[in-house]
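If you want the building blocks of each chain, they are given just below.
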Amino acid sequence: MNSPLRKKLLGLLFAFFLCVLSQVVQPMQSYASLPDEVQVFAGRQADVRLAVPAASSAVVDRPDIVGLDHQSALKVTRQEPLHLHPQQTGHAKLTLKLWGKIPVKTVNVNVIPDLRVVPGGQTIGVKVKSAGILVVGHHLVRSNPDEQKSPGEAAGIKLGDLITHMDGKRLDGVSGVSEAVELAGKRNQGIDVVLKRGNETIKTKLTPAYDAEDKAWRLGLYIRDSAAGVGTLTFYAPDQGVYGALGHVITDMNTQTSIVVGSGQIVQSNVTSISKSETGDPGEKRAHFLKESKILGNIERNTAFGIFGKMSQNPEHSLYSQGIPVAFSHEVKEGPAEILTVVDGQQVERFTIDIVHVADQSEPATKGLVLRITDPKLIDKTGGIVQGMSGSPIVQDGKLIGAVTHVFVNDPKSGYGCFIEWMLQDAGVMMKKGQAKNLKAG
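So, how was this worked out
- Residues numbered from 1 in each chain as written.
- Predicted model: local features only at pLDDT ≥ 70, side-chain atom pairs only at ≥ 80, totals over all residues.
- Heavy atoms only, no water.
- Helix = DSSP H or I, 4+ residues; strand = E, 2+ residues; numbered from the N terminus.
- Buried < 20%, exposed > 50% of the residue type's maximum accessible area, 1.4 Å probe, protein only.
- Contact = heavy atoms within 4.5 Å.
- Areas by Shrake-Rupley, 256 points an atom, 1.4 Å probe, with all protein chains shown as cover.
- Pairing = 2+ DSSP bridges.
- Axes fitted to C-alpha atoms, helices over the stretch in contact; angles between N-to-C directions.
- Core = buried A, V, L, I, M, F, W, Y, C linked by side-chain atoms within 4.5 Å.
- Salt bridge = Lys/Arg side-chain N within 4 Å of Asp/Glu carboxyl O.

The protein chain goes by Stage IV sporulation protein B in an unreviewed UniProt entry, where it is assigned to Paenibacillus polysaccharolyticus.

Draft legend 1. Geometry of the overall build of the protein chain. The number of helices and strands found in the protein chain is 5 helices and 32 strands. Of all 442 residues assigned to the protein chain, the portion counted as buried reaches 48%. Put simply, 68% of the contacts in the protein chain that link residues at least 6 apart link residues at least 24 apart. Accessible surface computed for the protein chain: about 21700 Å², of which carbon and sulfur atoms make up 50%.

Draft legend 2. Region of interest: the sheet that holds strand S29 (residues 369–373). The strand order S27-S28-S29-S32-S31-S30 describes a closed barrel built from 6 strands, whose pairing is antiparallel. When the angles between neighbouring strand axes are averaged without regard to direction, this sheet yields 45°. The pairing of strand S31 (residues 399–408) with strand S32 (residues 411–419) spans 6 bridges and is classified as antiparallel. Bridge pairing in S32 places Gly402 opposite Phe419. Taken strand by strand, helix H5 (residues 420–427) contacts S31 and S32, and its axis lies near 50° from that of S32.

Draft legend 3. H5, seen in detail. Among the 8 residues of H5, 8 are classified as buried, and the element is accordingly described as predominantly covered. Looking only at H5, the buried set comprises Ile420, Glu421, Trp422, Met423, Leu424, Gln425, Asp426 and Ala427. Immediately beyond the C-terminal end of H5, within one or two residues, lies Gly428, with a positive phi of roughly 85°.

Draft legend 4. Representation of the nonpolar core within the structure. Residues Phe235, Ile266, Ile307, Val326, Ile339, Ile394 and Leu424 are the most contacted members of the largest nonpolar core, which totals 66 residues. Core analysis: the next-biggest nonpolar cluster, separate from the first, contains 22 residues, Leu34, Val40, Leu74 and Leu84 among them.

Draft legend 5. Just the pattern of salt bridges, in detail. Enumeration over the complete set of coordinates arrives at 16 salt bridges. The salt bridge partner of Lys399 is Glu331, with a shortest N-O separation of 3.1 Å. Of this pair, Lys399 sits in strand S31 while Glu331 sits in the loop between strand S26 (324–325) and strand S27 (335–342), placing them 68 residues apart in sequence. For Glu331, a relative accessible area of 19% corresponds to the buried category. Through salt bridges that share partners, Arg44, Asp114 and Arg116 make up one connected network.

Draft legend 6. Summary view of the sheet that holds strand S7 (residues 90–98). Read across the sheet, 5 strands follow the order S1-S8-S7-S3-S5 without closing on themselves; strand pairing throughout is mixed. In the strand order of this sheet, the two ends are held by strand S1 (37–41) and strand S5 (73–76), each with one partner. Recorded for the sheet is a direction-independent mean angle of 30° between the axes of neighbouring strands. Across 5 bridges, S1 lies against strand S8 (residues 102–112) in parallel orientation. Within the sheet, the bridge partner assigned to Val40 lies in S8 and is Val111.

This is the structure:
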């Protein structure tokens, strides 16, 4: 065979090899991007969308735990969801096979006990006390006409720091600070201070300065130990006796740092009026705590997904007397839904919305949904989403799927929501991924 012909044949073979290789490598890379783990509820069909890149089939190793439309193997397409039939709690492995032959991806399927919660929507008053005293500013102390300083700033204390101890004594609030400062000042001694800055614990010594004008000893710090506001109850979980609300973290208005909860409570609240949202100016619910406000629950945690604590019964004005199913993030879809919220007094109402975007979140993250208010009555009353509406539950196809969290400042009819899955995990009523692997079949 002459040299030019040999080169031509080699070139054709190489091109053919590259073509075959691309048909294998590209799908393999796409399979790698599929989730490693999904959770489903026992006894409830789950539709899982897997964007498989090529003709594939699925098989499970434990059909007694997860069934596939009563078949041992099932064809998987990009367009149609995979119908899973969880039989009992436990753990199964779902294997995807390229062209029905080559195993390319194993997805762990965790079947957890069915869960139902009562959607909220009630406007609540939030009273929270921090686990220490929060530094929200510095101020100068004038000891004499020629000298002014901030002892707190000199000691390296920063805005957002949480002071937990003074001279070995735990601080429950600002009430005990002035006495400690006065005593240290008169003794001309420094105060041993323990504070938290993020996840770091810091020790320092703080020496009070005498304010010649006020004739008192000062630290040169502005401090606060409590906060109050209005939000919306998202859900009540009757079997666990807990609730979730707000859908986002409570932060201090001055420092924008999250408040570490020492204690707190949520109470009944009454909406008196609405300041409508306009482009560039988010509105707000105006509400007051009732004179004899009933305490609905305590506050134990303040996380990126809201506040959580104990609640003993379904609050008044609920639209639901029984729990409804909840949806995992992978079950949420674009399209019509509704939110539950209060715009007048204490009456919870339903309002229509459209979910216009669903983020692909396999791990907890905020801003899971983008929603748009479509209900003419709500738009007329509020202009869209207003402050105080955060936490309003989102219901789609009879399932609780999430909560309203933020408004778009430049488009108040639109905003963000978080998936209910992450709120339920922070409330302690739903297992996090990985925990379900320890379940045994019943």
